[in-house]
Amino acid sequence: MIRALWTSASGMGAQQTNLDVISNNIANVNTVGFKRSRANFEDLIYQDIKDPGVMSSNETRVPSGIQIGLGVKLSDVSKVFTQGSLMKTDKPLDLAIQGDGFFKIELPGGGEAYTRAGNFQIDNEGYVVTPNGYRLSPNIQIAAPETLISISISPNGKVYVVRNEGGQQTTEELTDIKLYKFINPAGLKAIGENLFKYTEASGEPIEGDPNTDGFGKLAQGFLEASNVNIVEEMVNLIVAQRAYEINSKGIITADEMLRTVGTLKS
């Protein structure tokens, strides 16, 4: 019975973590470029009462043995990088990636991060930045905004601006937008603000041009929505709740059995 108490307790702890992960997914259902997380679990060590295959007589062996599991633990919480649906915004600096790839962002004080959220803006110096003011890399600067008529970004990352200079329209080509891939995107470290940093698990970033060599293409005037499926998350929420309740029943049942044993003498 004591074993059952600790086994059920480990199950309750695992489902509490599962609930935390599901809750974060639901909270970010409207976050641009958000990728849902999934909690994965594995069983704990087993107490071997009788090993499989031991001799039960001079001529026979035990076919399966006796192994009693001691519960469950969290193995990892991984990001699921499936494509989110595209939302039409018609804003010239809203960019969605259709396929693989991340935008590279310069962090304050040095360093770099990566994101799928393409809701870019222009800062006071004309640079294309995230909503928090972090510059897109390679840097794109749109100078002389007073002459600007329109911004055009092609699916392969070419950036053009049309200006009105002296009553005449001119077209200027700016720095190309690059995308970056990782061998194992699930190994990226989420740091908040829709940003990820590469790690030893994800591998080094691989640079490429949009719409070439397996990189996704850009869609101007669109944003990639969160890939959270609210119906799926609600079902997962119900399953986690029921699993938590059943594990608590295991503790209650073990406690009642121990109480019965304690009252045998009386």
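Preceding this section is the structure that the text describes.
Report on the accompanying structure. As the structure is a computational prediction, the values presented were derived from the model and not from experiment.

Digging into the packing of aromatic side chains
Now for step 1: Enumeration according to the criterion identifies 7 aromatic pairs in this entry.
Now for step 2: Their ring planes at 85° and their centres at 5.1 Å tell us that Phe 103 and Phe 120 sit as a pair that is edge-to-face. Here Phe 103, found in strand S7 (residues 103-106), pairs with Phe 120, found in the loop between strand S8 (112-115) and strand S9 (121-122); they are 17 residues apart in sequence, far enough to count as distant.
Now for step 3: For the cation-ring pair, Arg 135 lies above Tyr 127, with the distance from its terminal atom to the ring centre recorded as 3.7 Å.
Now for step 4: Directly above the aromatic system of Phe 215 lies the positively charged group of Lys 181, at a separation of 4.7 Å from the ring centroid.

Section: the environment of Lys 88
Now for step 1: Its location among the elements puts Lys 88 in strand S5 (residues 86-88).
Now for step 2: Along the backbone, Lys 88 and Lys 181 are 93 residues apart, and their C-alpha atoms lie at a distance of 25 Å.
Now for step 3: Discounting residues that sit within four places of it in the chain, Lys 88 has contacts with Gly 221 and Phe 222.
Now for step 4: Reaching out from Lys 88, the side chain makes a polar contact with the side chain of Asp 90 at a distance of 2.8 Å.

Description of the nonpolar core
Now for step 1: Of all hydrophobic cores here, the largest spans 23 residues; its most connected members are Phe 103, Phe 120, Leu 136, Ile 153 and Ile 177.
Now for step 2: Among the elements of the structure, strand S6 (95-98), S7, strand S12 (148-153) and strand S13 (159-165) are those that each provide at least two residues to this core.
Now for step 3: Beyond its immediate chain neighbours, meaning those up to four positions away, Ile 177 contacts Leu 95, Phe 103, Leu 136, Ile 140, Ile 153, Gly 157, Val 159, Pro 210 and Leu 218.
Now for step 4: With 6 residues, the next largest nonpolar core counts Tyr 114, Tyr 180, Phe 182 and Phe 196 among its residues.

Comments concerning the sheet that holds S12
Now for step 1: Taken in spatial order, the 3 strands make up an open sheet running S12-S13-S14, and their pairing is antiparallel. Across the chains shown, the open sheet's two edge strands, defined by having one partner strand only, are S12 and strand S14 (168-173). Neighbour-to-neighbour, the strand axes of the sheet open up by a mean angle of 20°, direction not taken into account.
Now for step 2: Bridge analysis of S12 against S13 gives 5 bridges, and the strand direction is antiparallel. For Ile 151, the partnering residue across the bridge sits in S13 and is Val 161.

Quick look at empty space enclosed by the protein
Now for step 1: Taken as a whole and assessed by the stated rule, the structure comprises 1 cavity of 30 Å³ or more.
Now for step 2: Taken together, Leu 93, Leu 95, Phe 120, Val 128, Leu 136, Ile 140, Ile 142, Ile 151, Ile 153, Val 159 and Ile 177 make up the full set of residues lining the largest cavity.
Now for step 3: Of the residues in the lining of the largest cavity, the class split is 11 nonpolar, no polar and no charged.

What to know about the environment of Phe 182
Now for step 1: Its place among the elements puts Phe 182 in the loop between strand S15 (179-181) and strand S16 (189-192).
Now for step 2: Owing to a relative accessible area of 8%, Phe 182 belongs among the buried residues under this scheme.
Now for step 3: For the pair Phe 182 and Lys 265, spaced 83 residues apart in the sequence, the C-alpha separation amounts to 66 Å.
Now for step 4: Not counting residues up to four positions away in its chain, the partners in contact with Phe 182 are Phe 102, Tyr 114, Leu 188, Tyr 198, Ser 202, Gly 203, Glu 204 and Pro 205.

Considerations on the side chain of Lys 79
Now for step 1: Within the secondary structure, Lys 79 is located in strand S4 (residues 72-79).
Now for step 2: For the buried Lys 79, which has no salt bridge, the nearest side chain bearing the opposite charge is Glu 233, at an N-O separation of 10 Å.
Now for step 3: Here the side chain of Lys 79 touches Lys 35 through a polar contact of 2.8 Å, landing on its backbone oxygen.
Now for step 4: At a separation of 3.4 Å, a polar atom in the side chain of Lys 79 contacts the side chain of Ser 37.
Now for step 5: Setting aside its immediate chain neighbours within four residues, Lys 79 contacts Phe 34, Lys 35, Arg 36, Ser 37, Ala 186, Ala 190 and Phe 196.

Some thoughts on the pairing of S13
Now for step 1: Between S12 and S13, which follow one another and run antiparallel, lie 5 residues, and Gly 157 among them has a positive phi close to 90°.
Now for step 2: In sequence, S13 turns back onto S14 through a hairpin of 2 residues, with Gly 166 there showing a positive phi of about 65°.

Details of a nonpolar patch on the surface
Now for step 1: A grouping of Ile 230, Val 231, Met 234, Val 235 and Val 239 is seen on the molecular surface, where their side chains present a nonpolar patch of about 430 Å² in accessible area.
Now for step 2: Structurally, the position occupied by Met 234 is in helix H2 (residues 230-262).
Now for step 3: Look at Met 234 and you get partly exposed, because its relative accessible area is 40%.

Cut-offs and rules
- Residues numbered from 1 in each chain as written.
- Predicted model: local features only at pLDDT ≥ 70, side-chain atom pairs only at ≥ 80, totals over all residues.
- Heavy atoms only, no water.
- Phe/Tyr/Trp six-rings, centres within 6.5 Å; stacked < 30°, edge-to-face > 60°.
- Helix = DSSP H or I, 4+ residues; strand = E, 2+ residues; numbered from the N terminus.
- Lys NZ or Arg CZ within 6 Å of the ring centre and 35° of its normal.
- Contact = heavy atoms within 4.5 Å.
- Polar contact = N/O pair within 3.5 Å; in protein donor to acceptor, adjacent residues only side chain to side chain.
- Core = buried A, V, L, I, M, F, W, Y, C linked by side-chain atoms within 4.5 Å.
- Buried < 20%, exposed > 50% of the residue type's maximum accessible area, 1.4 Å probe, protein only.
- Pairing = 2+ DSSP bridges.
- Axes fitted to C-alpha atoms, helices over the stretch in contact; angles between N-to-C directions.
- 1 Å grid on protein atoms, 1.4 Å probe; cavity = no way out; pocket = protein on both sides within 12 Å on 5 of 7 lines; lining within 4 Å.
- Points joined across faces, edges and corners; volume = space filled by probe spheres on them.
- Nonpolar A, V, L, I, M, F, W, Y, C, P; charged D, E, K, R; others polar.
- Lys, Arg positive; Asp, Glu negative; His and termini not counted.
- Salt bridge = Lys/Arg side-chain N within 4 Å of Asp/Glu carboxyl O.
- Patch = residues over 30% accessible without salt bridge, like charges linked within 9 Å, V, L, I, M, F, W, Y side chains within 5 Å.
- Areas by Shrake-Rupley, 256 points an atom, 1.4 Å probe, with all protein chains shown as cover.

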